[in-house]
Amino acid sequence: MTLTDLPHDGLDDALDGLRAHVVAPVALPGEAGYERATPWNVAATVEPAAVVLATSAYDISNTVRYAAARGFRVGVQATGHGALAVASDTILVVTAEMTRVTVDPVARTARVAAGATWQHVLDAAAPYGLAGLCGSSPGVGVVGFLTGGGIGPLVRTVGLSADYVRSFELVTGTGEFLRASPDENAELFWGLRGGKSTLGIVTSVEIELLQIPEFYGGAVYFDGADAAVVVREWARWCADLPESVSTSIALQQLPPLPGVPEPLAGRFTVAVRYAATGDFAEGERLLAPMRAVATPVLDTVAVLPYSEIGAVHADPVDPMPCYEHHTLLRELTADTVEVLLNAAGPDSGSVQTIVEIRMLGGALAREGRHRSAFCHRDAAFAVAVIGVLAPPTADAVVRQAGALVVALSQWSSGGQIANFAPSEDAGRAVRVYDEETRHWLAALAERHDPAGVFRCGQVVRFVR
Ligand SMILES: Cc1cc2nc3c(=O)[nH]c(=O)nc-3n(C[C@H](O)[C@H](O)[C@H](O)COP(=O)(O)OP(=O)(O)OC[C@H]3O[C@@H](n4cnc5c(N)ncnc54)[C@H](O)[C@@H]3O)c2cc1C
């Protein structure tokens, strides 16, 4: 019998049995604790059959075994920054209580539990001058980020964050506990770095920390009236940047909400994000031409402790209803810039909150010490379109994002990065992975999740 065969009372009975199998709190719809499934991206409809607020790997294993035996699926959520719809055929494991981070300052490593965010790692590593290679927002979950590869504000200097994973502990689709490292279950170690939750629920990850106590970075913000000159110059300037520098540019219309600096609130601005390591004087010299393009309305670039790496993108912290679209570019030509400005510039009628272009290349383009399921290292730029899915502009957000990606198609590789493309669209896997990677991820999923328990969200399986 599967979940969908059960009458409503039977469903409650089946889920009540779950409480006997796990120590963790279990909440059914309407019960206290069910609200812990509410994701950061509140636009995603997350309405699971039950929520398991996991406190240990045993809770996760027992949930998976229970679900597999009864035809339920199992999803996993830490913060909900990458949330997709979760339906009532799924038990959702929420890892948000599993936040332990243990730093070994001598080995320069950290062991990070499934639900920790990058902020937890920044806090634990900063006293030693060590850095965990987080993304733009410290509020994002470590495991969700790393299983998607992980592109951080220093990406051109340090490369893909998942290349710094030493090992994972995980629960497979059969409920088995496994360790995956270059020497142990190496095929899982390959697939977990890029394959999201295709191969299991990670219960903890061991990562390398780098000695980066400080960096030179932040953002230079310009008025929307200067958008054309700033974006055109940014595209030219990028061409000569060394690997010690990472940068992105954002056309943004931030709402006048608490936390949004006054010069940026409720108006069109352009942010040139910048992060340089090594010689800070050189970092300042390299930025000088961009600073001089127009008169900034705000300039936050300075020598900062690594724990303030979130200042580079200054991403929103509070939950919001987001729509994301994304494409990778092979190149950013003068014509690409004009297309971008026409579609997303201040006179375009764009309703997007942020249209961002991240420069890639540098260390990202080189394969890590151990191959992974992350694809598209050769992409030159990543474009992300982020809008608020709320009336009155929700329809326009989706329509314009699609139109922008189509308009960029002549420069696009057609690829996407897993972390920037949370989507239930069946064609997603083809854009995120090359054919060989797709095949191996699906083959490993058959082996480690034969019942298809994890067929939920961004997973790769053979199409039957
Ligand atoms: C504001 C913002 C900024 C971002 N910045 C960046 C960035 O700079 N670089 C970048 O690469 N990405 C970035 N992302 C994307 C982000 O890395 C992904 O959405 C990531 O999946 C979020 O992980 P989470 O745990 O916080 O979210 P969740 O929604 O809780 O998880 C998302 C997915 O991660 C996987 N996952 C989570 N926990 C586990 C687990 N224990 N085991 C196995 N799989 C798991 C699952 O597939 C899950 O559906 C950003 C997203 C947002 C909203």
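Computed from a prediction, not measured in an experiment: that's the story for all the values here.

Details of the overall build of the protein
Part 1: When you go through the protein residue by residue, the secondary structure sums to 12 helices and 19 strands.
Part 2: Taking 23 Å as the expected radius of gyration for a compact globule of 464 residues, we find that the protein reaches 22 Å, a close match to that expectation.
Part 3: Dimensions of the protein along its principal axes, counting C-alpha atoms only, are 65 × 55 × 40 Å.
Part 4: In the protein, which comprises 464 residues, the proportion classed as buried is 56%.
Part 5: For the protein, long-range pairs separated by at least 24 residues make up 73% of all intrachain contacts whose partners lie at least 6 apart in sequence.
Part 6: A total of about 18,300 Å² of accessible surface is found on the protein, and carbon and sulfur atoms cover 53% of it.

Here's the deal with the environment of Thr174
Part 1: Summarising the element assignment, Thr174 is placed in the loop between strand 8 (165-171) and strand 9 (177-180).
Part 2: For the pair Thr174 and Tyr66, spaced 108 residues apart in sequence, the C-alpha to C-alpha distance is 9.8 Å.
Part 3: Every residue in contact with Thr174, bar those within four places of it in the chain, is listed here: Val64, Arg65, His448 and Pro450.
Part 4: Among the polar contacts made by the side chain of Thr174, one reaches the side chain of Thr172 at a distance of 3.0 Å.

Points about the sheet that holds strand 5 (residues 101-104)
Part 1: With antiparallel pairing, the 5 strands of this open sheet are ordered in space as 5-6-10-8-9. The sheet terminates laterally at strand 5 and strand 9, the two strands that pair on one side only. Each adjacent strand pair in this sheet contributes to an overall mean axis angle of 15°, direction not counted.
Part 2: One ladder, built from 5 bridges, connects strand 6 (residues 109-113) with strand 10 (residues 201-208); its direction is antiparallel. From the neighbouring strand, Ala110 faces strand 10, where its bridge partner is Ile207.

Let's talk about the packing of aromatic side chains
Part 1: For the structure on display, the rule yields 7 aromatic pairs.
Part 2: Relative to Phe189, the ring of Phe168 has its centre 6.1 Å away and its plane inclined at 55°; by these criteria the two rings are tilted. Separated by 21 residues along the polypeptide, Phe168 in strand 8 and Phe189 in helix 6 (residues 186-192) bring together distant segments of the chain.
Part 3: Clustering of aromatic rings is evident, with ring pairs tying together Tyr216, Trp237 and Tyr274.
Part 4: The ring centre of Tyr66 lies 3.7 Å from the NZ or CZ of Arg70, which sits over that ring.
Part 5: Directly above the aromatic system of Phe189 lies the positively charged group of Arg193, at a separation of 4.0 Å from the ring centroid.

Some points on the site of the ligand
Part 1: As a structural note, the neighbourhood of the ligand is formed by 28 residues, with Ala78, Thr79, Gly141, Ile151 and Lys196 the closest of them.
Part 2: The backbone of Gly80 places a nitrogen or oxygen atom 2.9 Å from an oxygen atom of the ligand.
Part 3: Here an oxygen atom of the ligand sits 2.7 Å away from a polar atom, N or O, in the main chain of Gly141.
Part 4: Compared with its free state, where it exposes 940 Å², the ligand has 94% of that area covered by protein.
Part 5: Of all the secondary-structure elements, those providing two or more residues to the shell around the ligand are strand 3 (73-77), helix 4 (142-147) and strand 10.

Focus on the domain arrangement of the protein
Part 1: On domain assignment, one finds that the protein holds domain 1 (3-94), domain 2 (101-211) and domain 3 (214-420).
Part 2: Computed from C-alpha atoms alone, the centre-to-centre distance between domain 1 and domain 2 is 24 Å.
Part 3: Listed as interface residues are 13 residues of domain 1 and, on the opposing side, 17 residues of domain 2.
Part 4: For the pairing of domain 1 and domain 2, the buried interface totals around 1,000 Å² over both sides, and the portion due to carbon and sulfur atoms is 79%.
Part 5: Put simply, domain 1 and domain 2 have 2 residue pairs in polar contact (both at pLDDT 80 or more) between them.
Part 6: When residues of the side of domain 1 that touches domain 2 are traced back to their parent elements, those giving at least two are helix 2 (57-70) and strand 3.
Part 7: For the side of domain 1 that touches domain 2, the element with the highest residue contribution is helix 2, accounting for 7 residues.
Part 8: Looking at side-chain class alone, the side of domain 1 that touches domain 2 contains 9 nonpolar, 3 polar and 1 charged residues.

Here we look at the pattern of salt bridges
Part 1: In total, this model carries 22 salt bridges according to the counting rule given.
Part 2: Of the charged contacts in the structure, one is a salt bridge between Asp89 and Arg73, with a shortest N-O distance of 3.8 Å. A residue pair is termed long-range when its members are at least 10 positions apart, and Asp89 in the loop between strand 3 and strand 4 (90-94) and Arg73 in strand 3 qualify at 16 residues.
Part 3: Residue Arg73 is classed as partly exposed on the basis of its relative accessible area of 32%.
Part 4: As a salt-bridge pair, Arg273 and Glu356 come within 3.0 Å of each other at their nearest N and O atoms. Highlighted residues: Arg273 in strand 14 (residues 268-276) and Glu356 in strand 18 (residues 354-359), separated in sequence by 83 residues.
Part 5: What makes Glu356 buried here is its relative accessible area of 5%.
Part 6: The network of salt bridges with shared partners includes Arg111, Glu169 and Glu206.

Cut-offs used in this document
- Residues numbered from 1 in each chain as written.
- Predicted model: local features only at pLDDT ≥ 70, side-chain atom pairs only at ≥ 80, totals over all residues.
- Heavy atoms only, no water.
- Helix = DSSP H or I, 4+ residues; strand = E, 2+ residues; numbered from the N terminus.
- Rg over C-alpha atoms; globule rule 2.2 N^0.38 Å.
- Buried < 20%, exposed > 50% of the residue type's maximum accessible area, 1.4 Å probe, protein only.
- Contact = heavy atoms within 4.5 Å.
- Areas by Shrake-Rupley, 256 points an atom, 1.4 Å probe, with all protein chains shown as cover.
- Polar contact = N/O pair within 3.5 Å; in protein donor to acceptor, adjacent residues only side chain to side chain.
- Pairing = 2+ DSSP bridges.
- Axes fitted to C-alpha atoms, helices over the stretch in contact; angles between N-to-C directions.
- Phe/Tyr/Trp six-rings, centres within 6.5 Å; stacked < 30°, edge-to-face > 60°.
- Lys NZ or Arg CZ within 6 Å of the ring centre and 35° of its normal.
- Near = heavy atom within 4 Å.
- Domains from an automatic or database assignment.
- Buried area = accessible area lost by both parts, 1.4 Å probe.
- Nonpolar A, V, L, I, M, F, W, Y, C, P; charged D, E, K, R; others polar.
- Salt bridge = Lys/Arg side-chain N within 4 Å of Asp/Glu carboxyl O.

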